[in-house]
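Listed below are the residues making up each chain.
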Amino acid sequence: QVQPVESGARLVQPGGSLRLSCATSGSIFSISAMGWYRQAPGKQRELVARITREGSKNYADSVLGRFTVSRDNAKNTMYLQMNSLKPEDPAVYYCRVDNIFTGSSWGQGTQVTVSS
């Protein structure tokens, strides 16, 4: 399995915006879905947003209307546009790639910090 690589995280002020990227490799046809998950200290990892190969998207209620997941198939890259960031959004954000042949693989995670 090839581990996906997340990037783009940094310190941002409340109300600010941030875009995360997740790059992976392999045939786009073998990737059934890609998703963003997050885990805050003391909490379980939770789904933030997910996009399928066909382009279907689903979001956690807590980010609906603020976050947008997208995918560039030519670059094998998924993005998470995060707007109106709130104090409850800080966490380690993980990318997960679901491959129909090799199963799921996780990135190492990237820390998003929201602070004034």
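Keep in mind that what you see is a predicted model, and the values were worked out from it rather than measured.

Participant: Explanation requested: the overall build of the chain in the structure shown.
Facilitator: When helices and strands are tallied, the chain shows zero helices and 11 strands. At 13 Å, the chain has a C-alpha radius of gyration in line with the 13 Å of a compact globule built from 116 residues. Judged by the C-alpha coordinates and their principal axes, the chain covers about 45 × 25 × 20 Å. As presented, the chain carries roughly 6,100 Å² of accessible surface, and 48% of it is formed by carbon and sulfur atoms.

Participant: I'm lost on the pairing of strand β3 (residues 18-23) in this one. Help?
Facilitator: On a regular strand, one side chain projects to one face of the sheet and the next to the other, so that they alternate. Two elements, strand β1 (residues 5-7) and β3, share three bridges in a ladder whose sense is antiparallel. Bridged to Val5 within β3 is Ala23. Two strands pair when backbone bridges link them, and β3 and strand β8 (residues 77-82) are joined in this way by six bridges, in the antiparallel orientation. In the sheet register, Cys22 faces β8, and the bridge partner there is Met78.

Participant: Is there a simple way to explain the state of the cysteines in this structure?
Facilitator: Note on terminology: a disulfide is the covalent bond linking the sulfur atoms of two cysteines. This structure, assessed with the given rule, holds one disulfide. Across a sulfur-sulfur distance of 1.9 Å, Cys22 and Cys95 are joined as a disulfide pair. Taking the sign of the S-S torsion, about -65° here, the bridge from Cys22 to Cys95 comes out left-handed. Remark: Cys95 occurs in strand β9 (residues 91-99) and Cys22 occurs in strand β3; sequence separation between them is 73 residues. In this structure, Cys22 and Cys95 share a single accessibility class: buried.

Participant: Sorry, what's going on with the nonpolar core here?
Facilitator: Within soluble globular proteins, side chains that are nonpolar tend to cluster in buried spots. Of all hydrophobic cores here, the largest spans 25 residues; its most connected members are Trp36, Leu80, Met82 and Tyr93. If you list the elements that add at least two residues to this core, you get β3, β4 (31-39), β5 (46-52), β7 (67-72), β8, β9 and β11 (110-114). Sequence-distant contacts of Leu80, that is, excluding residues within four places in its chain, are made with Leu18, Arg19, Leu20, Trp36, Val48, Ala49, Phe67, Thr68, Val69 and Tyr93.

Participant: Is there a simple way to think about the pairing of β11 in this case?
Facilitator: Side chains Thr110, Val112 and Val114 of β11 all project onto a buried face; the interleaved residues Gln111 and Thr113 project onto a face where none is buried. Direction of pairing for β9 relative to β11: antiparallel, over a ladder of three bridges. Residue pairing across strands places Val92 opposite Gln111, the latter belonging to β11.

Participant: Please explain the sheet that holds β1 as it appears in this structure.
Facilitator: As a general point, the strands of a sheet are linked pairwise by backbone hydrogen bonds and lie either parallel or antiparallel. Here we have four strands laid out as an open sheet, ordered β1-β3-β8-β7, and antiparallel in their pairing. Lying at the two open borders of the sheet, with one neighbouring strand each, are β1 and β7. Averaged over all adjacent pairs, the angle separating strand axes in this sheet is 15°, with direction ignored.

Participant: Explain the environment of Ser84 here, please?
Facilitator: If you trace the backbone, Ser84 turns up in the loop between β8 and β9. Taking the C-alpha atoms as reference points, Ser84 and Phe67, separated by 17 residues in sequence, lie 8.4 Å from one another. Aside from chain neighbours lying at most four places away, what touches Ser84 is Gly15, Gly16, Ser17, Arg66 and Asp89.

Calculation criteria
- Residues numbered from 1 in each chain as written.
- Predicted model: local features only at pLDDT ≥ 70, side-chain atom pairs only at ≥ 80, totals over all residues.
- Heavy atoms only, no water.
- Helix = DSSP H or I, 4+ residues; strand = E, 2+ residues; numbered from the N terminus.
- Rg over C-alpha atoms; globule rule 2.2 N^0.38 Å.
- Areas by Shrake-Rupley, 256 points an atom, 1.4 Å probe, with all protein chains shown as cover.
- Pairing = 2+ DSSP bridges.
- Disulfide = S-S within 2.5 Å.
- Buried < 20%, exposed > 50% of the residue type's maximum accessible area, 1.4 Å probe, protein only.
- Core = buried A, V, L, I, M, F, W, Y, C linked by side-chain atoms within 4.5 Å.
- Contact = heavy atoms within 4.5 Å.
- Axes fitted to C-alpha atoms, helices over the stretch in contact; angles between N-to-C directions.

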